[in-house]
Every structure is written in C-alpha cells, then in structure tokens.
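Reading the structure
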Amino acid sequence: ADAAAGAATPTVPAAVDGDHETERVVNCFIAENGLDSTAERLLRAQSREVQLRILEEGPCTGSNASAVLVSRLRKALGQPTVASGASEPLRVDRAGDVSMADFIRENDLDESAIRALADVPTEVQQQVMAEGIVTGRNKSAIFVGRIRRVLGQLRS
C-alpha cells in the first residue's frame with residue numbers, strides 16, 4: 001500500500017542539495033516511471049537544473065511514459081534559454097520530421113552526442129537527423145561532426 005501511495009506523489013523532495021542527491025532522485029524517477037533506455041539517456045544528459053525542472057512535473061502519466069518525458073524535455077529545452085540560438089520553442093512537427101528519440105535510439109548515440117543535439121536549434125536538429133542513419137565505428141563522434149558541419153554552413 002505504501003508503494004502505491006508513493007507512486008501518486010511527486011518524486012522530487014522539497015530540497016535537493018548536491019549532485020549525489022540529484023542522481024539518487026533521478027534514478028528513482030527513472031525506475032518509478034519505467035523509462036526506456038533512450039529516455040533515460042536523454043534525461044541523464046541534461047543539466048541538474050533541467051533534470052529537477054522535469055522531475056518537479058511529477059510522474060510521467062499516459063500510455064508511454066518515455067514519450068511523455070521526451071515531450072517534457074523538448075518543452076523545457078525550448079523555453080527562452082536563447083543561448084543556444086533557438087528563437088522559438090522546440091516543437092513536435094506532425095508533418096513527418098524525424099523524432100529525436102527514435103533517431104537517438106536507432107543510432108545508439110552516447111550522452112555527449114545527445115547533449116550536442118539538444119543544444120542546437122530545431123532547424124539544425126532536423127537537418128542533421130534528415131541525413132539519415134549514422135554509419136561508422138564511432139557513430140556518436142561522426143554525428144557530432146555532422147552537427148559542427150551544419151552549424152558551420154549556417155554561419156557562413
């Protein structure tokens with residue numbers, strides 16, 4: 001009965017101090033919500049501030065908790081933190097643009113590549129993902145190279 005009651009309450013304690021405590025709370029959130037490995041990697045790749053903002057929204061409810069988490073991350077990253085150069089919030093495009101979560105999963109990208117992808121504007125994200133499956137020995141490094149190339153093209 002105690003576990004069922006805990007599932008309905010937010011996972012984040014009133015005060016989370018330090019990286020170790022944040023890691024513990026994030027681990028609990030991942031387990032309680034049954035997140036898949038892609039959603040877990042996406043959440044872990046975020047800053048402490050973003051992680052806590054996501055967790056403060058409470059449990060990921062719905063038929064696909066991982067999709068709910070990805071949606072929350074997109075919303076959190078798209079809010080006016082214009083340091084990345086994004087002029088508008090990240091959005092899910094129903095016109096067939098590549099799903100970031102699917103792309104990350106299909107290409108088995110590591111945390112640094114996921115972070116690099118999350119840090120660029122939506123236009124760049126879609127352009128590098130539209131190039132298709134990443135091939136080679138170190139897919140993550142190759143993918144980060146794609147991002148740098150596209151950013152360079154936009155700047156010139």
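Residues numbered from 1 in each chain as written. Predicted model: local features only at pLDDT ≥ 70, side-chain atom pairs only at ≥ 80, totals over all residues. Heavy atoms only, no water.

For the pair helix α8 (residues 122–130) and helix α9 (residues 139–155), interaxial distance at closest approach is 10 Å and the crossing angle is 125°. As judged from the angle between their axes, α8 and α9 are oblique. Like other packed secondary-structure pairs, α8 and α9 cross with a definite hand, here right-handed. Packed against α8, whose contacting residues are E123, V124, Q127 and V128, the element α9 presents F143, R146, I147, V150, L151, Q153 and L154 at the interface. (Axes fitted to C-alpha atoms, helices over the stretch in contact; angles between N-to-C directions. Helix = DSSP H or I, 4+ residues; strand = E, 2+ residues; numbered from the N terminus. Parallel < 35°, antiparallel > 145°, perpendicular 65-115°, else oblique. Left-handed = near helix turned anticlockwise from the far one by under 90°. Contact = heavy atoms within 4.5 Å.)

Bringing the confidence of the model for the chain into the picture now. Averaged over the chain, the pLDDT score is 76; the fraction of residues at 70 or greater is 75%. In the model, residues 1–11 has pLDDT below 50 throughout and makes seven contacts with residues more than four positions away in sequence or in other chains. Under a pLDDT of 50 for its full length, residues 79–96 has, in the predicted model, 14 contacts with residues more than four places off or in other chains. (pLDDT = per-residue confidence, 0-100.)

Turning to the nonpolar core, a few remarks are in order. Counting residues in hydrophobic clusters, the biggest one holds 37 residues, and the most contacted among them are L43, I54, L69, L117, V128, F143 and I147. Mapped by element, the contributors of at least two residues to this core are α2 (19–33), α3 (37–44), α4 (48–55), α5 (65–78), α6 (100–107), α7 (111–118), α8 and α9. Beyond its immediate chain neighbours, meaning those up to four positions away, V128 contacts F103, L117, F143, R146, I147 and V150. (Core = buried A, V, L, I, M, F, W, Y, C linked by side-chain atoms within 4.5 Å. Buried < 20%, exposed > 50% of the residue type's maximum accessible area, 1.4 Å probe, protein only.)

Attention shifts here to the environment of L55. Relative to the helices and strands, L55 resides in helix α4. The class for L55 is buried, based on a relative accessible area of 0%. Between the alpha carbons of L55 and R72 there is a distance of 9.6 Å; along the sequence they are 17 residues apart.

Before going further, it helps to examine the packing of α3 against α6. Orientation of α3 relative to α6, taken along the N-to-C sense of each, is 105°, at an axis distance of 9 Å. The angle between α3 and α6 falls in the class roughly perpendicular. Only A101, I104 and R105 of α6 make contact with α3, whose side of the interface consists of T38, R41 and L42.

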